[in-house]
4 protein chains.
Amino acid sequence: MKHDKSIAWPGGAKCAVMLTFDFDAETLWTGRDARNKQRPGVLSQGRYGATVGVPKILEMLSEEEAPATFFVPGWTVENHTDKVEMILKEGHEVGHHSYSHIWVSDDPAAEAEEFEKGLASLEKVGVKPKGFRSPAGEVSSGLLTTQAKAGLLYDTSLMDDINPYRHILPDGSKGPIELPWHWSLDDAPFALFSIASPRPIFTNSHILEVWKEEFREIYRWGGLFDLVMHPQITGRPSRIALLREMIAFMRSFPDVWFATGAEVAEAWAALEAEGKV
Amino acid sequence: MKHDKSIAWPGGAKCAVMLTFDFDAETLWTGRDARNKQRPGVLSQGRYGATVGVPKILEMLSEEEAPATFFVPGWTVENHTDKVEMILKEGHEVGHHSYSHIWVSDDPAAEAEEFEKGLASLEKVGVKPKGFRSPAGEVSSGLLTTQAKAGLLYDTSLMDDINPYRHILPDGSKGPIELPWHWSLDDAPFALFSIASPRPIFTNSHILEVWKEEFREIYRWGGLFDLVMHPQITGRPSRIALLREMIAFMRSFPDVWFATGAEVAEAWAALEAEGKV
Amino acid sequence: MKHDKSIAWPGGAKCAVMLTFDFDAETLWTGRDARNKQRPGVLSQGRYGATVGVPKILEMLSEEEAPATFFVPGWTVENHTDKVEMILKEGHEVGHHSYSHIWVSDDPAAEAEEFEKGLASLEKVGVKPKGFRSPAGEVSSGLLTTQAKAGLLYDTSLMDDINPYRHILPDGSKGPIELPWHWSLDDAPFALFSIASPRPIFTNSHILEVWKEEFREIYRWGGLFDLVMHPQITGRPSRIALLREMIAFMRSFPDVWFATGAEVAEAWAALEAEGKV
Amino acid sequence: MKHDKSIAWPGGAKCAVMLTFDFDAETLWTGRDARNKQRPGVLSQGRYGATVGVPKILEMLSEEEAPATFFVPGWTVENHTDKVEMILKEGHEVGHHSYSHIWVSDDPAAEAEEFEKGLASLEKVGVKPKGFRSPAGEVSSGLLTTQAKAGLLYDTSLMDDINPYRHILPDGSKGPIELPWHWSLDDAPFALFSIASPRPIFTNSHILEVWKEEFREIYRWGGLFDLVMHPQITGRPSRIALLREMIAFMRSFPDVWFATGAEVAEAWAALEAEGKV
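Residues numbered from 1 in each chain as written. Chains lettered and ligands numbered in written order. Predicted model: local features only at pLDDT ≥ 70, side-chain atom pairs only at ≥ 80, totals over all residues. Heavy atoms only, no water.

**Q** Got a minute to help me understand the packing of helix α8 (residues 204–221) of chain B against helix α10 (residues 237–251) of chain C in this structure?
**A** For any two helices packed against each other, one specifies the inter-axial angle together with the distance between the axes. At a minimum axis distance of 7 Å, the contact between α8(B) and α10(C) shows a crossing angle of 95°. On the basis of their axis angle, the class for α8(B) and α10(C) is roughly perpendicular. Two secondary-structure elements touch here, α8(B) through B:Glu213, B:Glu214, B:Glu217, B:Ile218, B:Arg220 and B:Trp221 and α10(C) through C:Pro237, C:Ser238, C:Ile240, C:Ala241 and C:Arg244. Class assignment of the residues belonging to the contact of α8(B) with α10(C) gives a composition of five nonpolar, one polar and five charged. (Axes fitted to C-alpha atoms, helices over the stretch in contact; angles between N-to-C directions. Helix = DSSP H or I, 4+ residues; strand = E, 2+ residues; numbered from the N terminus. Parallel < 35°, antiparallel > 145°, perpendicular 65-115°, else oblique. Contact = heavy atoms within 4.5 Å. Nonpolar A, V, L, I, M, F, W, Y, C, P; charged D, E, K, R; others polar.)

**Q** How should I be thinking about the relation of the copies chain A and chain B in this particular structure?
**A** Two copies of a chain can be linked by a rotation about an axis combined with a shift along that same axis. Superposing chain A onto chain B takes a rotation of 90° plus a shift of 0.0 Å along the axis, which leaves an RMSD of 0.0 Å. Accordingly, the operation relating the two chain copies is best matched by a four-fold axis. If distances are taken from each C-alpha of chain A to the rotation axis, the shortest is found for A:Pro200, at 4.8 Å. Of the interface residues in chain A, just 5% have counterparts in chain B that sit at the interface too, so the contact is made through distinct surfaces. (Least-squares fit on C-alpha atoms with pLDDT ≥ 70 in both.)

**Q** I keep staring at the interface of chain A and chain B and nothing clicks. Help me out?
**A** Frequently, the measure chosen for interface size is the accessible area that the parts lose on association. Chain A puts 37 residues into the contact, and the matching count from chain B is 36 residues. Approximately 3,300 Å² of surface area, both sides summed, lies buried where chain A meets chain B, with 61% of it carried by carbon and sulfur atoms. Applying the counting criterion to the chain A and chain B interface returns four salt bridges. At the boundary of chain A with chain B, the tally comes to 13 residue pairs in polar contact (both at pLDDT 80 or more). For the side of chain A that touches chain B, the secondary structure elements donating two or more residues are α7 (188–191) and α8 (204–221) of chain A. (Buried area = accessible area lost by both parts, 1.4 Å probe. Salt bridge = Lys/Arg side-chain N within 4 Å of Asp/Glu carboxyl O. Polar contact = N/O pair within 3.5 Å; in protein donor to acceptor, adjacent residues only side chain to side chain.)

**Q** Where do I start with helix α10 (residues 237–251) of chain A in this structure?
**A** In an α-helix there are 3.6 residues to a turn, and that puts residues three or four apart on one side. Residues and elements named next belong to chain A. When the terminal C-alpha atoms of α10 are compared, their 22 Å separation across 15 residues agrees well with the 21 Å that a helix rising 1.5 Å per residue should span. Counting buried positions over the 15 residues of α10 gives eleven, a clear majority of the element. Pro237, Ser238, Arg239, Ile240, Ala241, Leu242, Leu243, Met246, Ile247, Phe249 and Met250 are the residues of α10 that are buried. (Expected span 1.5 Å × (residues − 1). Buried < 20%, exposed > 50% of the residue type's maximum accessible area, 1.4 Å probe, protein only.)

**Q** Please explain the interface of chain D and chain A as it appears in this structure.
**A** Between chain D and chain A, the contact holds 39 residues from the first and 36 residues from the second. Buried surface at the junction of chain D and chain A, both sides included, amounts to about 3,300 Å², of which 60% is carbon and sulfur. Between the two partners, chain D and chain A, sit four salt bridges. Of the charged contacts, one joins A:Arg47 and D:Asp160 as a salt bridge, the two residues approaching to 2.7 Å between their closest N and O atoms. Contributions of two or more residues to the side of chain D that touches chain A are made by α7 (188–191) and α8 (204–221) of chain D. Tallying contributions element by element places α8(D) first for the side of chain D that touches chain A, with nine residues.

**Q** Would you take a moment to explain the side chain of A:Asn163 for this structure?
**A** All names here are of chain A. One can find Asn163 in the loop between β5 (154–155) and β6 (165–168). Separated by 3.3 Å, the side chain of Asn163 and the backbone oxygen of Lys5 make a polar contact. In contact with Asn163, other than residues within four places in its own chain, are Lys5, Ile7, Glu178, Pro180, Gly222, Gly223 and Leu224.

**Q** Looking at this model, I keep getting lost on the packing of aromatic side chains. Mind explaining?
**A** Any pair of aromatic rings gets described here by the distance separating the centres and the angle formed by the planes. As enumerated under the stated definition, the model contains 56 aromatic pairs over all chains in all. The interplanar angle of 65° and the centroid separation of 5.2 Å between the aromatic rings of B:Phe249 and B:Phe253 together place this pair among those described as edge-to-face. On the accessibility criterion, B:Phe249 (14% relative accessible area) is buried. It is A:Lys14 that lies over the ring of A:Tyr219; its NZ or CZ is 5.5 Å from the centre. The side chain of D:Lys56 reaches across the aromatic face of C:Trp221, ending 4.4 Å from its centre. (Phe/Tyr/Trp six-rings, centres within 6.5 Å; stacked < 30°, edge-to-face > 60°. Lys NZ or Arg CZ within 6 Å of the ring centre and 35° of its normal.)

**Q** What is the right way to read the pattern of salt bridges from this model?
**A** Side-chain pairs of opposite charge can arise whenever the charged atoms involved come near each other. One pass over the full model with this rule turns up 76 salt bridges over all chains. Residues B:Glu214 and C:Arg236 are paired through a salt bridge, measuring 2.7 Å at the closest nitrogen-oxygen approach. With one member in each of two chains, B:Glu214 in helix α8 and C:Arg236 in the loop between α9 (231–234) and α10 form a pair that bridges those chains. Across the pair, exposure class does not vary: B:Glu214 and C:Arg236 are buried alike.

**Q** Sorry, what's going on with the nonpolar core here?
**A** Nonpolar side chains in soluble globular proteins tend to be buried together. By size, the foremost hydrophobic cluster in this structure holds 232 residues, and its most contacted members are A:Leu19, B:Leu19, C:Leu19 and D:Leu19. Contact partners of B:Leu19, with chain neighbours within four places excluded, come to B:Leu61, B:Ala66, B:Pro67, B:Ala68, B:Thr69, B:Leu227, B:Met229, B:Leu243, B:Ile247, B:Met250, B:Phe258 and B:Ala259. Judged by nonpolar contacts, the second largest core, of 19 residues, contains A:Ile7, A:Tyr154, A:Ile177 and A:Val264. (Core = buried A, V, L, I, M, F, W, Y, C linked by side-chain atoms within 4.5 Å.)

**Q** Hey, could you run me through the UniProt feature "domain: NodB homology" (unreviewed entry) in chain A in this one?
**A** According to UniProt, the positions carrying the feature "domain: NodB homology" (unreviewed entry) are residues 40–277 of chain A. Annotated as 50% helix and 13% strand, the span residues 40–277 of chain A places its first and last C-alpha atoms 49 Å apart. (UniProt positions renumbered as here; feature names shortened; annotations may be inferred.)

**Q** Before we go on, may I ask you to explain the pairing of strand β2 (residues 69–72) of chain B in this structure?
**A** Regular strands place their side chains on alternate faces of the sheet. Residues and elements named next belong to chain B. Along β2, one buried face is formed by Thr69 and Phe71 and the opposite face, lined by Phe70 and Val72, is buried too. Relative to strand β3 (residues 93–96), β2 is paired through four bridges, and the arrangement is parallel. Paired with Val72 across the strands is His96, a residue of β3. (Pairing = 2+ DSSP bridges.)

**Q** I would appreciate a short explanation of the relation of the copies chain D and chain A in the present structure.
**A** Between chain D and chain A, which share one sequence, the superposing operator has a rotation angle of 90° and an axial displacement of 0.0 Å; the RMSD is 0.0 Å. Interface residue correspondence from chain D to chain A reaches only 5%, placing this contact among heterologous pairings that use different surfaces.

**Q** How should I be thinking about the arrangement of the chains in this particular structure?
**A** No interface is formed between chain A and chain C, the nearest pair of C-alpha atoms being 10 Å apart. The smallest C-alpha distance separating chain B from chain D is 10 Å, and no contact links them.

**Q** Explain the side chain of B:Arg39 to me, please; I cannot follow it from the model alone.
**A** Counting through the fold element by element, B:Arg39 comes out in the loop between α1 (27–30) and α2 (40–64). Leave out the neighbours within four places in its chain, and B:Arg39 touches A:Ser105, A:Asp106, A:Glu138, A:Val139 and B:Asp33.

**Q** Please clarify how unusual backbone geometry should be interpreted in this entry.
**A** The phi angle of most residues is negative, glycine excepted, and most peptide bonds adopt the trans form. Even without being glycine, B:His101 reaches a positive phi, approximately 60°. Note that B:His101 resides in the loop between β3 and α5 (108–124). In this structure, D:Ser98 is a non-glycine residue whose phi angle is positive, near 75°. Position of D:Ser98 among the secondary structure elements: in the loop between β3 (93–96) and α5 (108–124). With relative accessibility at 5%, the residue D:Ser98 sits in the buried group.

Structure, rendered in structure tokens:
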């Protein structure tokens with residue numbers, strides 16, 4: 001049997017690449033344990049993402065002329081506004097990433113409130129987001145309806161495909177387009193250490209092997225490679241070098257389309273309108 | 001001293017290889033924590049096994065002309081029936097893997113109920129299973145008797161040998177044949193990440209080294225190499241490439257017999273009948 | 001400054017090597033959680049140490065003509081007596097490893113009882129142990145006195161040196177000689193996976209690098225290399241290959257003395273008597 | 001965009017390197033769980049840092065003529081006084097590391113008490129510390145004020161930069177200079193195993209890759225490389241070899257300044273006074 005997964009990406013591209021950054025800053029720590037708000041040591045890990053991570057990542061993306069998508073919680077928009085403006089000035093997309101990075105998959109009402117508050121914060125810096133990513137990919141059953149009502153074009157929280165697909169809401173109407181990711185294409189499982197959750201810290205060559213092997217096959221299949229990073233992790237000096245090498249690796253393949261989340265979703269919507277997906 | 005572990009496998013083979021897949025889909029997540037039933041993000045990890053994992057694995061097995069055994073929980077049979085039928089159509093064996101993938105090693109009654117319900121679900125797609133694998137290898141003391149009563153030929157849940165052996169039931173009668181596995185020959189310890197259990201994600205070369213070293217010695221000893229995979233893990237693009245490479249590696253050894261669980265159990269039963277094991 | 005750690009090992013050897021095996025079998029699992037006694041799946045991991053691990057390890061040690069020390073809990077002596085007799089017949093040392101592998105560091109009375117019961121079990125197979133290793137290296141403050149009263153020559157439970165040293169008891173009298181080990185020279189941190197404690201499973205080359213690097217320096221310093229293994233882990237096919245390679249590596253260095261625990265302790269006691277340590 | 005992180009280090013150096021050791025000894029274990037005070041097995045891991053780790057590390061630093069900074073809890077000063085005097089005699093800096101290594105980030109009063117007691121212990125061996133590192137980098141909001149009142153020049157507990165920076169206290173006055181570190185430049189995430197927290201043990205080549213990649217980029221950026229080690233971890237034979245190789249690697253780069261914490265803080269303060277940072 002054959003099971004074709006290829007998509008007719010724009011410009012004849014064989015594969016789409018999204019470089020995405022969840023710019024959580026301190027919310028990565030306060031969202032999981034409110035006591036962390038009083039712990040400067042713990043918070044300093046997240047603050048690094050704002051003080052060093054974002055500027056150095058932007059510098060590298062500028063050198064590489066690569067587009068990216070930053071998903072930013074409302075709290076971060078309000079407390080690191082200059083960094084969000086820096087991202088926008090560089091021409092990258094800014095998407096929605098909740099307000100305070102709490103996990104609300106078991107509480108649709110709290111999730112909706114988080115969604116609204118995050119939207120309001122983004123509006124203050126002039127952003128009307130086209131896409132949403134849920135903290136840690138944890139979503140409630142009400143998420144997609146909430147997004148549809150707010151007019152969002154795409155969600156990028158789920159892991160059940162390597163291609164975009166259209167969500168259908170409980171009432172049968174169209175929901176957002178899903179741009180799937182996967183834990184193995186996230187920097188956090190490989191390099192986010194904390195005392196509360198002391199995961200192993202892996203080498204650049206380990207992470208690159210996982211990402212390269214995954215890219216090689218997704219490219220062969222013709223799908224979407226949705227890389228999920230965090231300025232407090234990939235913003236570390238050695239990890240910026242890692243991403244630079246990963247970009248160079250992907251560019252060594254012909255016909256790779258580097259795009260923002262919105263560009264991918266719009267391209268897929270166009271194919272859908274033509275009945276080509 | 002010498003301690004011979006070799007078996008006279010069919011056709012003069014030196015070693016038997018079983019490629020097995022535990023097609024848990026969403027039950028991997030709902031079986032451990034019922035709250036996951038309301039968490040689309042968590043569930044999407046399991047659903048990937050059905051939407052992408054199974055079709056792409058079947059495509060690869062078809063290209064490689066390699067037989068496999070899929071152990072499928074009743075819930076998955078009912079909720080991903082088309083994928084189970086796809087497996088059957090491709091000529092692979094389908095075995096029993098409980099109904100809902102809950103761990104019932106401390107509750108023989110629940111285990112028996114899970115067993116019966118799973119059997120009923122398999123019957124609906126025309127499968128009368130010859131073999132059983134328990135979720136996570138967790139079994140109660142009553143498991144083997146339950147299997148024997150249901151007429152199952154083999155169990156593949158335990159880890160106390162590298163060769164098949166015959167279970168003897170508490171009443172002295174013959175139980176099923178055991179086809180042992182081991183955690184180091186399972187994909188889950190190497191690549192199953194979740195927020196609730198954030199295990200490290202290893203590279204293809206790491207996993208291949210563990211599997212190849214183990215194969216090399218089991219081959220030398222003349223035993224059974226029982227590989228345990230999951231469509232939501234090995235079905236990821238890069239991991240299908242891994243399995244393809246592993247199959248090629250094993251085929252580079254002479255006299256390797258690729259077989260389903262039922263074929264291995266039947267071959268061993270024949271040797272037993274001849275008094276050769 | 002200089003800090004010499006070298007010891008005048010017998011025969012002019014530069015370094016002593018102990019190959020030790022904690023033959024826990026099922027007690028590794030029942031000692032930590034009594035509910036495991038009713039879980040055949042969990043227990044099968046430990047039983048492998050008896051059914052396959054010990055015979056195949058003995059076969060390899062015989063081929064390599066290498067002496068070893070097996071620390072055996074009383075429960076294992078009683079339930080796998082044939083395997084303990086096999087070890088003795090091959091000429092290896094059998095030491096004390098508690099009765100049921102429970103952790104009793106917070107309960108000196110239970111520890112003493114475990115010690116007595118283990119001693120009685122060993123006596124049944126004709127063993128009067130010279131050495132003791134505590135399960136997981138967990139010991140109570142009363143351990144050394146208990147050992148001294150029982151006339152034990154050495155303990156090998158602590159990690160505070162790379163050379164043997166003499167314990168002094170609270171009353172100022174001589175206690176047993178300590179033969180230190182370390183977690184990094186144990187197979188369990190690298191390859192013992194279980195659902196209850198899902199540690200990563202490492203490759204042979206990973207484990208060999210840690211062990212070789214440690215050996216290289218201990219050899220250079222002139223100390224004791226006390227390797228701690230388990231038949232249910234190192235008895236896996238690939239891990240026996242690992243140990244075979246490790247032995248060959250150590251033998252590629254001149255003047256390495258492979259010895260049992262008792263031989264090392266006796267050699268050190270002789271140096272002590274001469275005032276040379 | 002460009003985001004320059006370079007600093008005009010003394011003597012035209014491009015990068016500053018601090019070799020730091022948190023000489024916790026037994027307090028690493030007693031600080032997290034007071035029951036460990038009665039557990040000789042657990043404590044022996046920490047004691048190794050004093051019995052073997054410190055002397056052998058000092059021997060190697062002496063051979064390499066490399067300066068280091070040891071942060072020592074008061075308890076360790078009092079219970080391993082000879083080793084602290086050995087460190088001082090070798091000319092290394094001794095800094096403050098609390099009294100008993102408990103985590104007090106949620107209790108500013110306890111933190112202040114720990115700080116005062118640690119200061120008193122250091123005074124007994126003639127040390128008036130210039131720098132402080134908090135156990136595990138966990139600090140309360142009052143930490144910086146406490147340090148400022150005690151006249152400390154620098155803190156090295158936070159992770160929000162790769163360059164030194166000046167803390168501003170809540171009342172607007174100047175606090176200590178921060179010399180940031182990061183978990184990936186600590187030996188504990190890679191090689192500290194315990195039964196209570198069974199982290200993976202990594203190879204020298206793994207740790208070296210992480211440290212070298214991080215050094216390479218920090219060197220390129222022109223920042224501070226603040227390596228955090230523990231005598232009970234890096235004092236193991238193989239890990240001393242690792243550090244020796246790391247030092248050689250860093251010395252293969254031109255214009256690297258090896259300095260103590262106090263030297264780095266003083267150099268940065270001088271730049272600050274000149275308005276150059």
